[in-house]
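Single-letter residue listing:
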Amino acid sequence: MSESTNKQKEKILVTSALPYANGSIHLGHLVGYIQTDTWVRLQRMLGTECYFICGDDAHGTPVMLRAEAEGVTAETLIDKMRHQHLEDFKGFNIKFDYYHSTHSDENRELVIEIYQRLKKADLIEKRSIEQLYDPKRKMFLPDRFIKGDCPKCHEPDQYGDGCEKCHTIYTPMDLINPFSTISGATPIIKKTEHLFFKLSTCEDTLKNWMQGNLGTFKQEKNKESKQPLQGESINKLDEWFESGLRDWDISRDAPYFGFPIPDEKDKFFYVWLDAPVGYMASFKKFCELTGKANFDDFWNADSPHKLYHFIGKDILYFHALFWPAVLSKANYRTPDKLFVHGFLTINGRKMSKSRGTFINARAYLDIKALNPEYLRYYYAAKLGNKSEDIDINLKDFVFRVNSNLVGKYANIASRTAGFIHKLFAGKLCRSLSNEASSLLQTFIDEAKTIENFYQQRQFNEAIRVIMNLADKANEYISDKKPWDISKKISLQADDNNQEDDKDRNKLHEICTVSINAFRLLTLFLKPVIPVIAEKVEKFLNIESLDWQQHSALLLNHKINKYKHLVSRIEDKHIDELIEVNRKAMNEITETSKKQTETSDATTISFEDFAKIDLRVAKIINAEHVEGADKLLKLTLDIGDVQKQVFAGIKSAYQPEQLIGRHTVMVANLAPRKMRFGVSEGMVLAAGPGGKDIWILQLDEGAKPGMKVQ
RNA sequence: CGUGAUGUAGCUUAAAGGAAAAGCACAAGCCUCAUAAGCUUGAGGAUAGUGGUUCGACUCCAUUCAUCACGUCCA
């Protein structure tokens, strides 16, 4: 105790990659979050001051477009997604200290501050570039929103960066018949001014950050080096250095969902500039809300504390190049470690929607038989500290969980707890003989090894050691045959007490050792399966286990009755998962189909068009609606009937301008109850909104009620 | 096409130039305390192919094949 208090206590800030607000969490995402959570839980058990911070990555074109397609504001969408993400994380027992959003005041302030510091350091430059532009949607197009025919092999429907079929690499401008996936329009090349961060000047800074990157991968294996990156990542970075660092385009033109850039017109910060700043923002909010930590202590350039980012290998580029460069040049501290993990494959292949293996977190959680901690366990059993891809083989998953968690681990308690209650009133021995405690000593001896494996994120190794111990415990029980002794006792009944006492003690001791072995295994597994561990703590009638307690034994202590702890998985549960997931996926693709159908990009059939009953309408009355900001109440004459319609055109028209005019309305639109009354249709108007709304006007002669076709 | 990574038993991984290991799955036997759990034994391998360096290669080099990732402003 005194030794550790003298040492300066290490404080760690840990982050997981921020999930993007344009999608649900799936099993692939969970690899990173479960890895981080497991690691953080170990830190907490060790008593290390460690904060686990995350949040939603909310900005960018995809979010903007999706919000539009759903007919909601971007804010509504990201709010909904954030809650959905949080629910999924909660389901898998991922426990953040704080979970924020990049669309927050804290983040805006920090981004602007960083930007201004970079600008002051003369690291921001304005340049004119040419970009593809969608003339119909009036917006610049990211590459991924352009498709066309491959210039080489003429395969249709290829993305702007390269052909999936012949693997030719090209730019979107090379595509034959390019079209915008948003509007279908042919993109045109348009000049625009963008802001660049001069990353090309940061090579020394970055190499310095990487520190002595000459060490080889093999040297790193047993000892955590001082380098912030694993060997594979260093290779990748070297590649990037070799091809030369290019300046980084950090601005995007309106329309864009993001933070406006100060002193610029219609320019926004690119989502990847503000995303990692979200780590800071989330932590800042956490500090302000809880007062548990001091933001500056952790983020100032001379911070003594550790900053670790857990990320997937797909975003190494941002975290290993831009992020340290930006931080360093803006006079903040840089990350100490980037822990990079690989992708998840399912049954050896990429997750696939058609095979039903693109499995959402929600689908898994919806199958009650699939304990979320089984997945945590499986990931832990497979995760090493390399950035290799990991595979979840669904058959292997079932076998492994059943065999390791149910057959080996839980079984140890299950097969001995009964005796403790039947014969010893639920109480463990007062003390153990040397012979009996020797098994437990081997457990205790392995604690340091296990801790180190966890620390170095070699969870697979940690699990291997733990399961070896579980095997030892089961061997011990088989060897000692407590059931034989128990029979002897019942046969002897109240015969001769001396023999009987001896046997009773022996049996008591065997069961006490087993329960203690079980307790230690639980302690070792707790970072991986925290909720199961909690149940065990209740069963053992003990306080929450921390790592220190591995050296003590549980003696002379009353435990509770053993209750069923974990259930086996059956193949049918996996089939169910695939099925549930497939259904959910179909729904998603259908709604997204519907969304594109309603957008102006796709065509509809004549039948679809014929469903819409368009009529000439005479506006016989128009009036303001009390309490409504945008609505006017219109009374429309369409020949034989009059309809009442609430139209969102107040910003562009005064009621008196409208009365008496002829326009076109959708007459068969389902009536909709609104706050101010029932609206029985829609009038047609053009324009983006605000003052720019123009309702349709008809030439002389059209009579109310005429069908428009 | 280029660059990088990976390829070991049915599955998941070890072996850092010195006898190819372990767990799960499989087979046989034992056991019955436990959720058909547990224990013992066994079978299972041209280490993707070819060529080279070496007394000796899963390991180092070259090359081929397969899979994956990345490839000038999507990052």
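Residues numbered from 1 in each chain as written. Chains lettered and ligands numbered in written order. Predicted model: local features only at pLDDT ≥ 70, side-chain atom pairs only at ≥ 80, totals over all residues. Heavy atoms only, no water.

Q: Just give me the short version of the nonpolar core, but keep the residues and values in it.
A: In terms of nonpolar packing, the biggest core is built from 176 residues, with F197, F283, W299, F397 and Y409 touching the most fellow members. Counting residues per element, this core draws most heavily on helix α13 (residues 394-424), which supplies 14 residues. Discounting chain neighbours no more than four positions away, the residues touching Y409 are N404, F518, L521, T522, L525, I529, I532, V536 and L565. (Core = buried A, V, L, I, M, F, W, Y, C linked by side-chain atoms within 4.5 Å. Buried < 20%, exposed > 50% of the residue type's maximum accessible area, 1.4 Å probe, protein only. Helix = DSSP H or I, 4+ residues; strand = E, 2+ residues; numbered from the N terminus. Contact = heavy atoms within 4.5 Å.)

Q: Can you lay out helix α18 (residues 530-540) for me, pointing to particular residues and giving the numbers?
A: Of the residues making up α18, those classed as buried are P530, I532, A533, V536, E537, F539 and L540. Down the axis of α18, the buried side of the element spans an arc of 165°, and every buried residue falls inside it. Of the residues trailing α18, N541 is marked for its positive phi of about 60°. (Arc of directions from axis to C-beta.)

Q: Account for the pattern of salt bridges, naming residues and giving values.
A: In total, this model carries 31 salt bridges according to the counting rule given. Residue D266 is joined to K265 by a salt bridge in which the shortest nitrogen-to-oxygen separation is 3.9 Å. Members of the salt-bridge network, linked through shared partners, are E125, R127, K198 and D247. (Salt bridge = Lys/Arg side-chain N within 4 Å of Asp/Glu carboxyl O.)

Q: Provide a residue-level description of the sheet that holds strand β4 (residues 124-134), including the pertinent values.
A: The sheet built from 4 strands is open, its strands ordered β5-β4-β9-β10 with antiparallel pairing. Sheet topology places β5 (139-140) and β10 (248-249) at the edges, where each strand pairs with a single neighbour. Sheet analysis places β4 next to strand β9 (residues 188-197), joined by 10 bridges and oriented antiparallel. When the sheet's bridge partners are listed, K126 is paired in β9 with L195. (Pairing = 2+ DSSP bridges.)

Q: Quick one: what's the story with the confidence of the model for chain A, residue by residue and with numbers?
A: For chain A, mean pLDDT is 84; residues scoring 70 or higher make up 88% of the total. Here residues 1-7 scores under 50 on pLDDT; set against residues more than four positions off or in separate chains, the count is 0 contacts. Predicted confidence for residues 212-223 stays below pLDDT 50, and this span has 15 contacts to residues more than four positions away or in other chains. As a predicted assembly, this complex carries a pTM of 0.81 together with an ipTM value of 0.89. (pLDDT = per-residue confidence, 0-100.)

Q: An account of the sheet that holds strand β2 (residues 49-56) is requested, with residue identities and associated values reported.
A: Pairing is parallel in the open sheet, where 5 strands are placed in the order β3-β2-β1-β13-β14. Edge positions in the sheet fall to β3 (98-101) and β14 (337-341), since each of these pairs with one other strand and no more. With strand direction ignored, the average angle separating the axes of adjacent strands in the sheet is 25°. The pairing of strand β1 (residues 11-16) with strand β13 (residues 306-312) spans 5 bridges and is parallel. Bridging from a neighbouring strand, T15 pairs with H309 of β13. Here helix α2 (residues 27-46) sits on the sheet in contact with β1, β2, β13 and β14, set at roughly 165° to β1. (Axes fitted to C-alpha atoms, helices over the stretch in contact; angles between N-to-C directions.)

Q: Talk me through the packing of aromatic side chains; I want residue IDs and the actual numbers.
A: A complete count under the given rule lists 36 aromatic pairs for this structure. Ring geometry for Y317 and F322: centres 5.4 Å apart, planes at 70°, overall edge-to-face. Note on Y317: relative accessible area 32%, which makes it partly exposed. Each member of the aromatic cluster is reached from another via a ring pair, and the members are Y51, Y279, F283, F286, F295, F298, W299 and W323. The positively charged end of R127 is found above the aromatic ring belonging to F196, 4.6 Å away from the centroid. (Phe/Tyr/Trp six-rings, centres within 6.5 Å; stacked < 30°, edge-to-face > 60°. Lys NZ or Arg CZ within 6 Å of the ring centre and 35° of its normal.)

Q: Can you lay out unusual backbone geometry for me, pointing to particular residues and giving the numbers?
A: Excluding glycine, a negative phi dihedral is what most residues carry, and trans is how most peptide bonds are arranged. The step from A254 to P255 runs through a cis peptide bond, and the omega angle for that step is 0°. Mapping P255 onto the fold places it in the loop between β11 (251-253) and β12 (267-269). For N331, which is not glycine, the phi torsion reads 65° and is therefore positive. Tracing the sequence through the fold places N331 in the loop between α10 (316-329) and β14. The backbone phi angle of N541 is positive, close to 60°, even though this residue is not glycine. Of note, N541 is situated in the loop between α18 and α19 (571-598).

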